[in-house]
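# Coordinate analysis (summary)
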Amino acid sequence: MSITQETLHLIVNPVSGHGKGAEFADQTIVPILKHLAIPHLIYTTTSPGDAGNIGNKILSSQTEEGGTLNVGIVGGDGTFHEFMEGEGVSDGQVRWNVILFPLGTANALYSSLFPPSSTSSSLQSYKSLIDSLPPLPHSEGTLYNLLSLFSFLTKTTPVYLPITQTTLSSPTGAVEQLRSHVVLSTALHAAILEDSERLRESHQGTERFKIAAQQNASKLFYASVTLQSQSSVEVEQWDPRKGDWVLPYSIKNTSQQSQTEFTIEGPFSYFLTTSTVDRLEPQFVISPLTSLNQYENQGYLYITIIRPLRDRFISQAEPEERKDKLTKRAFEVVGQAYSNGNHVNLTLSQEDELNSFELENKGKGEPVVEVFRCDSFEWIPSNDKGKVEGLESGNERLVCADGALHTIPQGGLAKVKVEDKKHGKGFYVFASVDPHHRGK
């Protein structure tokens with residue numbers, strides 16, 4: 001078969017998620033493509049990182065320099081990340097129109113583009129297309145996995161996908177460049193991932209994540225963060241009391257000229273940033289304010305932070321009680337992400353009584369979870385370990401980029417920014433036919 005600009009390159013990861021990728025491609029995707037006479041090529045990954053090698057192969061096959069390539073990812077966020085890491089794939093020389101098939105474990109990007117709560121209305125919008133397809137296992141779950149393909153088939157305009165670039169630098173000048181399209185995190189989120197991998201052999205299921213969370217929920221991560229504005233994007237903070245973005249009010253402005261640089265002093269228990277997704281699992285909406293409608297304009301980094309010592313429930317506790325209280329509060333707050341991201345609405349009590357530590361919903365106090373948006377920041381690990389009696393210190397140099405773990409060199413830092421949009425090049429994903437469904 002001759003390769004043309006209309007050819008769909010289908011990358012299948014047979015081991016992602018529950019190992020159903022190859023079966024789904026053979027029994028569901030390919031029959032649709034054949035029925036509609038869509039030219040396609042199938043590539044199967046054979047080892048970790050192979051999706052990137054396949055991306056290079058597809059790139060080398062293009063006949064039109066600087067053209068458009070259509071690629072389908074049958075896998076999860078990790079497979080897409082591997083593809084994106086292929087040499088030359090992210091250089092912005094071509095436009096990648098990406099169809100996602102959520103056959104991974106968490107499928108954060110897909111479930112952000114197609115929130116489960118909007119499945120019925122999304123399927124209804126594609127009813128005529130679905131009715132024209134050959135007989136397939138048309139369960140709602142199967143059809144949900146095809147929504148990105150339906151968007152492609154109905155020629156919906158794909159959505160630009162901003163990429164987060166992270167530079168890990170050391171005092172000697174050595175650097176490591178990372179790219180991520182889902183999440184960049186430190187502190188608790190990164191620590192849970194690291195420990196869950198250690199538990200993989202003894203605990204095969206999701207139980208290992210719960211164990212890892214319990215092991216790390218009472219730790220503090222010592223660092224300082226500088227939020228910056230390098231373009232027209234302002235540094236802003238979400239105010240749940242007003243329900244709007246405002247100038248930062250719980251941190252310091254360190255710029256002498258304007259509102260372009262703010263410093264956040266740790267310690268932290270939670271620190272996570274994303275420019276694309278509002279959730280890490282279908283129901284775990286950790287960054288509900290992330291807007292998927294931003295892509296046609298200017299991309300933001302949305303940063304979710306918990307600094308537990310701002311909470312009197314922890315800071316005023318006796319040293320021997322702090323560990324249990326920090327763990328309790330961490331699960332209480334982060335658990336609200338399962339309630340459609342309600343954790344960003346929690347505020348600290350303003351009551352004067354020492355025993356009044358109940359959290360309020362959009363109360364008058366400062367937010368428990370601080371949420372900021374900007375276009376760049378620096379995470380600078382510090383050496384203040386052991387500063388708070390009764391609480392252990394975590395590894396503040398650990399960084400998670402789309403599930404892959406990296407370590408900031410001793411004495412170094414991480415610089416994070418949204419990559420510049422590449423004038424019609426880069427990554428575009430087929431999302432909901434209704435842009436108002438995105439991120440909802």
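Residues numbered from 1 in each chain as written. Predicted model: local features only at pLDDT ≥ 70, side-chain atom pairs only at ≥ 80, totals over all residues. Heavy atoms only, no water.

The name given to the chain in an unreviewed UniProt entry is DAGKc domain-containing protein, with Kwoniella europaea PYCC6329 as the source organism.

## As for the environment of Thr226
What counts here: Helix numbers and strand numbers start at the N terminus; a helix is a DSSP run of H or I with at least 4 residues, a strand a run of E with at least 2. Whether two residues touch is decided by their heavy atoms; if any such pair falls within 4.5 Å, the residues are in contact.
Looking at the secondary structure, you find Thr226 in strand β10 (residues 223-228). Spatially, the C-alpha atoms of Thr226 and Asn253 are 9.6 Å apart, while their sequence positions differ by 27 residues. Apart from the residues lying within four places of it in its own chain, the contact partners of Thr226 are Glu261, Phe262, Thr263, Ser376, Phe377 and Glu378.

## So, the packing of helix α9 (residues 187-198) against helix α10 (residues 207-216)
Keep this limit in mind: Here an angle of 0 to 180 degrees is reported between the N-to-C directions of two axes, which are lines fitted to C-alpha atoms, with helices fitted over the stretch in contact. Throughout this description, any angle smaller than 35 degrees is read as roughly parallel, any larger than 145 degrees as roughly antiparallel, any in the 65 to 115 degree range as roughly perpendicular, and the remainder as oblique. Should the near helix be turned anticlockwise from the far one by less than a right angle, the crossing is left-handed, and should it be turned clockwise, the crossing is right-handed.
Close contact between α9 and α10 brings their axes to 8 Å; oriented N to C, the two are set at 125°. As judged from the angle between their axes, α9 and α10 are oblique. Crossing of α9 over α10 shows right-handed handedness. Counting all contacts with α9, which are made through Leu188, Ala191, Ile192, Asp195, Ser196 and Glu197, the residues of α10 involved are Arg208, Phe209, Ala212, Ala213, Gln215 and Asn216.

## Digging into the pairing of strand β2 (residues 40-44)
Applicable threshold: Pairing between strands is defined by DSSP: at least two bridges between them are needed.
As paired strands, strand β1 (residues 8-12) and β2 are joined by five bridges and run parallel to one another. Considered in β2, the bridge of His9 is made with Leu41.

## So, α10
Worth spelling out the cut-off: Accessible area is worked out with a 1.4 Å probe on protein chains only. A residue is then buried under 20% of its type maximum, exposed over 50%, and partly exposed in between. The reported arc concerns the directions from the helix axis to the C-beta atoms and nothing else.
Every buried residue belonging to α10 is among Arg208, Ala212, Ala213 and Asn216, and all of these are buried. Buried residues in α10, looked at end-on, bunch into an arc of 140°, giving them a common side. For α10, the elements touching its buried residues are α9, β9 (219-220) and α12 (319-334).

## Here we look at the sheet that holds strand β14 (residues 261-265)
If you trace the seven strands from one edge of the open sheet to the other, you get β7-β6-β24-β20-β10-β14-β13, paired in antiparallel fashion. What marks the edges here is a single partner per strand, and that holds for β7 (175-180) and β13 (252-253). When β10 meets strand β20 (residues 376-381), the two strands line up antiparallel, connected through six bridges. Residue Ala223 lies in a different strand from β20, and its bridge partner there is Pro381.

## Some points on the packing of helix α2 (residues 50-61) against helix α3 (residues 77-84)
Cut-off, in case you're wondering: Lys, Arg, Asp and Glu make up the charged group, whereas Ala, Val, Leu, Ile, Met, Phe, Trp, Tyr, Cys and Pro make up the nonpolar group; the residues left over, Gly among them, are polar.
The N-to-C vectors of α2 and α3 enclose an angle of 45°; their axes lie 6 Å apart at closest approach. With respect to α3, the element α2 is oriented oblique. Helix-helix and strand crossings are classified by hand; for α2 and α3 the assignment is right-handed. Within the contact between the two elements, α2 uses Asp50, Ala51, Gly52 and Gly55 and α3 uses Thr79, Glu82 and Phe83. Class assignment for the residues of the contact of α2 with α3 results in two nonpolar, three polar and two charged.

## What to know about the pairing of strand β25 (residues 426-429)
The sheet contact formed by strand β4 (residues 95-102) and β25 spans four bridges and is parallel. Bridge pairing links Arg95 to Gly426 in β25. Summarising the sheet, strand β5 (residues 159-160) and β25 pair through two bridges and their orientation is antiparallel. Across the sheet, Val159 pairs through a bridge with Val429, a residue of β25.

## Here's the deal with the sheet that holds β1
Across the sheet, six strands lie side by side as β2-β1-β3-β4-β25-β5; this open sheet has mixed pairing. Looking at which strands have only one partner, the edges of the open sheet turn out to be β2 and β5. Against the sheet, α3 contacts β1, β3 (68-75), β4 and β25, and its axis sits at roughly 145° relative to β3.

## Details of the state of the cysteines
Spelled out, the test is: When the sulfur atoms of two cysteines come within 2.5 Å, that pair is taken as a disulfide.
A full pass over the atoms with the stated rule returns zero disulfides. For Cys374, which is in no disulfide, the shortest distance to another cysteine sulfur is to Cys400 and amounts to 18 Å.

## Notes on the side chain of His189
Spelled out, the test is: Counted as a polar contact is a pair of N or O atoms within 3.5 Å, where, for protein atoms, one must be capable of donating a hydrogen and the other of accepting one, and residues adjacent in sequence contribute only when both atoms are in side chains.
Structurally, the position occupied by His189 is in helix α9. Side-chain polar atoms of His189 contact the side chain of Ser185, separated by 2.6 Å.

## Quick word on the nonpolar core
Here is the rule we go by: The nonpolar core is taken to be a set of buried Ala, Val, Leu, Ile, Met, Phe, Trp, Tyr and Cys residues, with the residues joined through side-chain atoms within 4.5 Å. Segment limits for the domains were obtained from an automatic or database-derived domain assignment.
In this structure, Phe80, Phe83, Trp96, Phe101, Phe150 and Phe427 are the most contacted members of the largest nonpolar core, which totals 86 residues. Shared between two domains, this core holds at least three residues of each, these being domain 1 (8-162 + 424-429) and domain 2 (164-418). Not counting residues up to four positions away in its chain, the partners in contact with Phe150 are Leu123, Tyr126, Leu129, Ile130, Leu133 and Leu143. Counting residues in hydrophobic clusters, the runner-up holds 28 residues, among them Val235, Phe262, Phe377 and Val416.

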